[in-house]
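# Breakdown of the fold
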Amino acid sequence: MVLAKSALGGRSGYIRSLNDQVGGFQACGATRGYWVAVVQTDVRAGERMSATQGLRAYYASGLFNEGERSFNLRVKAMLDELGFETWFPQEDAGFLEDYMEKGMTLDEARHFIFEQNLEAVRASDVLIFNLDGRVPDEGACIEAGVAFGWDKRLIGLQTDFRAVEPGGNNLMIDGVL
């Protein structure tokens, strides 16, 4: 099963095992067979960098049901363990209801969350894009497109075989990865 895909400067490929290195990232662990965690490497020296500390990761994923939110928490825990500073929308941006309870209108809350997430993508070093589901989450697709436009590193995370076809995912999604 394809676990993660990454591209950097035109180099792309799939991370399938703990020995793979793709686009400046080295596979370094797994959690219950779900996905391979990656850390930045020095491509010239081929050595794993000891400092993932301070690398800012944006985790783009659906967060609209209990299954998505639970899986996201596991991914976030792994990223934290690896030393990434992770923007995690379900915790960092919050939910519409949170802001509406504080007096914002629905439109104000939607715009506020959009702006927070957009700035977090801009400030990130890498965007981790959860591709699971019959199709990836629409918001995560936009976040990945924005990150691609800003020349951010992108890593696709896919544990759901339904989206993996002989030709891959939607060509526009695979294109940014």
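Treat the numbers as computed from the prediction; the structure is a model and nothing was measured. (Residues numbered from 1 in each chain as written. Predicted model: local features only at pLDDT ≥ 70, side-chain atom pairs only at ≥ 80, totals over all residues. Heavy atoms only, no water.)

## Description of the overall build of the protein
Here is the rule: The numbering of helices and of strands both runs from the N terminus, where a helix is a DSSP run of H or I of at least 4 residues and a strand a run of E of at least 2. Residue exposure (1.4 Å probe, protein chains only): buried if accessible area is under 20% of the type maximum, exposed if over 50%, otherwise partly exposed. What makes two residues a contact is simply this: any of their non-hydrogen atoms within 4.5 Å. Using a 1.4 Å probe, accessible areas were evaluated by the Shrake-Rupley method; residue-level cover was limited to the displayed protein chains.
Scanning the protein for helices and strands turns up six helices and 10 strands. The 177 residues of the protein split such that 48% are buried. Of all intrachain contacts in the protein linking residues separated by at least 6 positions in sequence, the fraction that spans at least 24 positions is 57%. Carbon and sulfur atoms make up 52% of the accessible area of the protein, which amounts to about 9600 Å² in all.

## A few points about the packing of helix α4 (residues 106-123) against helix α5 (residues 138-149)
Worth spelling out the cut-off: Simply put, an axis is a line fit to the C-alpha atoms, just over the touching stretch for a helix, and the angle between two N-to-C directions goes from 0 to 180 degrees. Any angle that is under 35 degrees is reported as roughly parallel, and any over 145 degrees as roughly antiparallel; angles of 65 to 115 degrees are reported as roughly perpendicular and all others as oblique. In this scheme, a crossing is called left-handed if the near helix is turned counterclockwise away from the far one by less than a right angle; it is called right-handed if the turn is clockwise.
The interhelical angle for the contact between α4 and α5, taken along N-to-C directions, is 40°, at an axis separation of 9 Å. With respect to each other, α4 and α5 are oriented oblique. Between α4 and α5 the crossing geometry is right-handed. Two secondary-structure elements touch here, α4 through Asn117, Leu118 and Val121 and α5 through Glu143, Val146 and Ala147.

## Remarks on the pairing of strand β7 (residues 56-60)
Using the following cut-off: Only strands that DSSP links by at least two bridges are regarded as paired with each other. Orient the strands so they point away from the viewer, and a crossover whose first-strand-to-second-strand path over the helix runs clockwise is right-handed.
Most of β7 is tucked away, with four of its five residues classed as buried. Of the pairings in the sheet, the one linking β7 to strand β8 (residues 85-87) comprises three bridges and is parallel in character. Looking at the pairing, tyrosine 58 lines up with tryptophan 87 of β8. With helix α1 (residues 66-81) bridging β7 and its parallel neighbour β8, the resulting β-α-β unit is right-handed.

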